[in-house]
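# Working through the structure, step by step
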Amino acid sequence: MSSTDSRVPVLVVDDDGDIRAALRDTLELEGYAVAEARDGGDALRWLENNPLPRLILLDWNMAPMNGPQFMEALEKKPLPSPVPVVLLTADARVNEKAKTARYAGYLKKPVELDPLFAVLKQHCG
Amino acid sequence: MPQRDPDAARDALNVGALALAYIVTAQLGLSLGAVSGFATLVWPPAGIALFALLRFGFRLWPGVMIGALVANSLAGAAAPVAVGIATGNTLEAVLAAWVLRSAGFDLGLSRLRDAFALFILAALAADLLGATIGVGALSAGGLVNLGTFLETWRSWWLGDALGTLTVTPFLLLWWRREAWQATSKRISEAAVVFAMMFITALTVFFTGERGGTLDANALSWPFFTLPMLYWASLRFAQQGAVTATLLLATVSIAGTAAGYGPFLSDTLSHSLTLVQRFMAVSSMSALVLAAAVSERDRAQTASNAALDQTRFLARASAILSSSLDYETTLQAVAPLVVPRLGDNCVVDVIAPDGTIRRVAEAAALPEKLEVLRQLRAFPPSPERPSPVNAVLKSGKTLFIPQFDAAALERLTAGDAYNDLVRKIGPTSSVTVPLTARGKVLGAITFGMAESGRVYEPEDLVLAEELASRAGVAIDHALVFRAQVSASAAASEALKVREDFLAVAGHELKTPLTSLLLQLQGLQRALKKGFEITNLGDRLERATGAGLRLENLINQLLDVSRISSGRLKLEPEPFELEQLLREVVDRFSEQAQRVGSQVSLEARGPAAGTWDKSRIDQVLTNLVSNALKYGEGRPVEIALKESDTEAVVTVVDHGIGIAEEQQHKIFDRFERAVGTREFGGFGLGLWICRQIAQASGGRIEVKSAPGEGSTFTLRLPLSSQPAEEPHVVH
């Protein structure tokens, strides 16, 4: 499901508060609603208690629950309908893994805005 | 009354026995027809006298003198003549014994040179002297005239020489009784050869017409005895040769004296002369043959032994080079040396920490092996001197030919170590150093005990040879281990660096990401003409990210400076309390954010001279850590001041640090907890400690997991930091 409803948020999962804030500032100005989670576990809790987001921006390297662990948990207990997950990572080696797993796409840190909005446009319209 | 000397008594007895043997055998010779009454062709006493002096020493010479005096007096010699003859007989025996001893004569006649020495020095030379003196005495006494002088002299000489060549070797060889191994096969063979010898001799020397004359045809008969003589010499060595010779001499003389045999001539003395010539050649041939055979046997034995040693060393080398685990290979070699090089064996090596460690032991008897194993509880130490200590110190072989049994017994009873040593019961030991490239690496000790065997020089050579091979093997193993551990350390260092670079890359990219997101987002908004409502917040966040980045970069620069010794402190006088309050104030907002109550109890002012910005850095780091790892619980900060130092404590009640991690947190590139949970390089505490030390102080931690941590910074109040000596103009 992809929603064009601007009230349906993009879920930003990153353990660095500054990055979450920067993404919120940038996305909100473009009209996207933004929800935040501090790590994979926080994101899973958010997903249980809220309607599905239109997209998940997922950091790879987080603690305590990192990106891949979050994806595993999602696979075991799937969402009512699929939500595209875009991986955010500073690690260049993740490319290959990102392709094999069920990611809608990946973005390298530091994040360039053009590719970011391209991905958002592709999945959220 | 003078004390009786047991040695003198025994000597007197020996002298008497010798004199008696001399007289009895002289009567035998004299009964066989003597030329001019005294010059007998059969004179066993000459052989007995030489044997006695060779075997028991020159001090028995009076026995010869007395025997000769009595024998000749009994034969009817006037006193002066008897004295003259006896002097000749005595001188002859003493001279023969002396020249043989000087020539290094072996009483076992085991070498060719011994056979030749007996023949040339004793039978030819010394006996010639004796004959000359004896016949001289006879002629002085008017018992020989010019016409009979030569014959008398020749008979005398020949009789003595034959005694020397047949009786002396026989007595020497059988007295020693170094008997050949008496297997039943050998005994049967000996019985056959001597029986055949006896029958052949009887046949040759007791046939023919009694009292007949020299028969040219019969002259070939004596040769039939030679095969048996040579057989005995070849198969039974010296003992066979002398026995067969004596047997042949006895039968041939008896037969001829009885008037039979091939050597029968017109007079008895001429007949006996012929017999003795035959016997001289026969006995000489037999002795030479036996000596040659034993020389060959010895060479064979030596070559077998050499081959055996080579094989032994080859086996040992194969084991030693089979593995680089030298303790295992030494344990495999130790049993190989028992019993060849001893009844037991122990191997000690010098461990890398300099202590002496027993790595292997072996013993012929299982119960002694158990005792040796128990000795492991008593490693060699300076307080307990042992051959091993001495050898490890000197690097030279230590050979103890004979342990003092009494000293061994005197060892303190009840001492567990001494009791064990007594149980082993060493009689002799050899300790050889294990060396390689001039360095002593350990020692092998070989010991004799229950077998009572003794070490031969070649055993020592073999032991040293084995030790040198073992030394090289240990050296190779040590060099290899050193290389392995060096390369492991190198790869560990490489891994630490790689891990650090991965962490550093991630840590630097995180604030960079938020900084660039903010700046690019603002740019895009400007371009699109969006109204930016929270510009102030966003700029603040961008600046914060930039400052984080700066802080990280500064840490990297600090590490680089400290590592290359370029950390420069700029001390200035200030009050620590004042600085501490500033730092704590700076964290009030963050403390609120994480929910920690921060309390400060300062009993300052703690005025001192330090690098203010560096101390600021240390305090900032400690407070920041307390909030970061404090799990939102209260943080207590205190400052105390003594006469000599200022002490700052920062206490949190957070996750704490495990005991084994506590020393690591001050290391470079180390951190007690996982990287991602708490950002940063994990360099902060290392830098703090470097700064504290450069300022003449120190930093410590006390912590328990789950209970929190207490960091203590101590700074000297008076002394100047070591790095910045003040130059006096």
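This section reports on the structure supplied with the text. Because the structure is a prediction, the values reported are computed rather than measured.

Next up on the list: the overall build of chain A. Along its length, chain A carries five helices and five strands. Reading the secondary structure of chain A in the N-to-C direction produces β-α-β-α-β-α-β-α-β-α. At a minimum sequence separation of 6, the contacts of chain A that also span at least 24 residues come to 67%. Here chain A has roughly 5,900 Å² of accessible surface; of this, 49% comes from carbon and sulfur atoms.

What follows covers the packing of aromatic side chains. By the definition in use, this model includes 14 aromatic pairs over all chains. The interplanar angle of 40° and the centroid separation of 6.0 Å between the aromatic rings of Phe206(B) and Tyr260(B) together place this pair among those described as tilted. In this pair, Phe206(B) sits in the loop between helix 7 (184-205) and helix 8 (226-257) while Tyr260(B) sits in the loop between helix 8 and helix 9 (268-320), placing the two residues 54 residues apart along the sequence. Using a relative accessible area of 32% as the deciding quantity, one classes Phe206(B) as partly exposed. Look at Tyr260(B) and you get partly exposed, because its relative accessible area is 23%. One aromatic cluster is present, built from ring pairs that chain together Phe51(B), Phe56(B) and Trp175(B). Lying over the aromatic face of Phe58(B), Arg101(B) brings its terminal NZ or CZ to 5.2 Å of the ring centre. Between Arg524(B) and the ring centre of Phe117(A), over which it is positioned, the NZ or CZ distance is 3.8 Å.

Residues and elements named next belong to chain B. Counting residues in each nonpolar core, the largest one holds 48 residues, and the members touching the most others are Leu576 and Leu619. Not counting chain neighbours up to four residues away, the residues in contact with Leu576 comprise Pro605, Ala606, Trp610, Ile615, Leu619, Leu639, Ala646, Val648 and Leu715. Counting residues in each nonpolar core, the second largest holds 42 residues, with Ala26, Leu53, Ala71 and Val167 among its members.

Residue and element names in this part refer to chain B. Read from one edge of the open sheet, five strands run 4-3-7-6-5, paired in antiparallel fashion. Bordering the open sheet on either side are strand 4 (356-363) and strand 5 (398-400), each of which pairs with just one other strand. Between one strand axis and the next, the sheet turns through 15° on average, direction left out of account. With three bridges connecting them, strand 5 and strand 6 (residues 428-436) associate as antiparallel partners. Each bridged residue has a counterpart across the sheet, and for Ile400 the counterpart in strand 6 is Ser429. Each of strand 3 (344-350) and strand 4 is contacted by helix 11 (residues 366-374), which is oriented at about 175° to strand 4, the strand it contacts most. The strands touched by helix 15 (residues 457-528) within the sheet are strand 3, strand 5, strand 6 and strand 7 (439-448), with strand 6 carrying the most contacts at an inclination of about 35°.

On to the packing of helix 4 (residues 79-102) of chain B against helix 5 (residues 112-140) of chain B. Residues and elements named next belong to chain B. Relative to each other, helix 4 and helix 5 sit at 165°, their axes nearing to 8 Å. Here helix 4 is positioned roughly antiparallel relative to helix 5, judged by the angle of their axes. As for how helix 4 packs across helix 5, the hand of that crossing is right-handed. For the contact of helix 4 with helix 5, the per-class residue count stands at 17 nonpolar, four polar and two charged.

The topology assignment puts Gln518(B) in helix 15. Classification of Gln518(B) by relative accessible area gives buried; the value is 1%. Leave out the neighbours within four places in its chain, and Gln518(B) touches Ala21(A), Ala22(A), Asp25(A), Arg538(B), Arg541(B) and Ala542(B).

This part takes up the pattern of salt bridges. For the structure on display, the rule yields 37 salt bridges over all chains. When the shortest N-O distance is used, the salt bridge between Asp25(A) and Arg538(B) registers 3.7 Å. Pair noted here: Asp25(A) is in helix 1 (residues 17-29) and Arg538(B) is in helix 16 (residues 535-563), and the two residues belong to different chains. Like Asp25(A), the residue Arg538(B) is buried in the burial classification. Salt-bridge contacts for Arg111(B) lead to Asp114(B); the nearest nitrogen and oxygen are separated by 2.9 Å. Where salt bridges share partners, they join Arg20(A), Arg24(A), Glu28(A) and Glu36(A) into one cluster.

Moving on, we get to the pairing of strand 11 (residues 635-641) of chain B. All names here are of chain B. Relative to strand 11, strand 9 (residues 598-602) runs parallel, the two sharing five bridges. Paired with Ala602 across the two strands is Leu639, which belongs to strand 11. Pairing geometry for strand 11 and strand 12 (residues 645-651), over six bridges, is antiparallel. Paired with Ile637 across the two strands is Val650, which belongs to strand 12. Counting the residues in the hairpin turn of strand 11 and strand 12 gives three residues.

For the rest of this paragraph, the subject is the side chain of Thr256(B). Residues and elements named next belong to chain B. Examined against the element boundaries, Thr256 turns out to sit in helix 8. A relative accessible area of 1% places Thr256 in the buried class. When sequence neighbours within four positions are dropped, the list of residues in contact with Thr256 reads Phe205, Leu264, Leu268, Ser271, Leu272 and Val275.

Procedures and definitions
Residues numbered from 1 in each chain as written. Chains lettered and ligands numbered in written order. Predicted model: local features only at pLDDT ≥ 70, side-chain atom pairs only at ≥ 80, totals over all residues. Heavy atoms only, no water. Helix = DSSP H or I, 4+ residues; strand = E, 2+ residues; numbered from the N terminus. Contact = heavy atoms within 4.5 Å. Areas by Shrake-Rupley, 256 points an atom, 1.4 Å probe, with all protein chains shown as cover. Phe/Tyr/Trp six-rings, centres within 6.5 Å; stacked < 30°, edge-to-face > 60°. Buried < 20%, exposed > 50% of the residue type's maximum accessible area, 1.4 Å probe, protein only. Lys NZ or Arg CZ within 6 Å of the ring centre and 35° of its normal. Core = buried A, V, L, I, M, F, W, Y, C linked by side-chain atoms within 4.5 Å. Pairing = 2+ DSSP bridges. Axes fitted to C-alpha atoms, helices over the stretch in contact; angles between N-to-C directions. Parallel < 35°, antiparallel > 145°, perpendicular 65-115°, else oblique. Left-handed = near helix turned anticlockwise from the far one by under 90°. Nonpolar A, V, L, I, M, F, W, Y, C, P; charged D, E, K, R; others polar. Salt bridge = Lys/Arg side-chain N within 4 Å of Asp/Glu carboxyl O.

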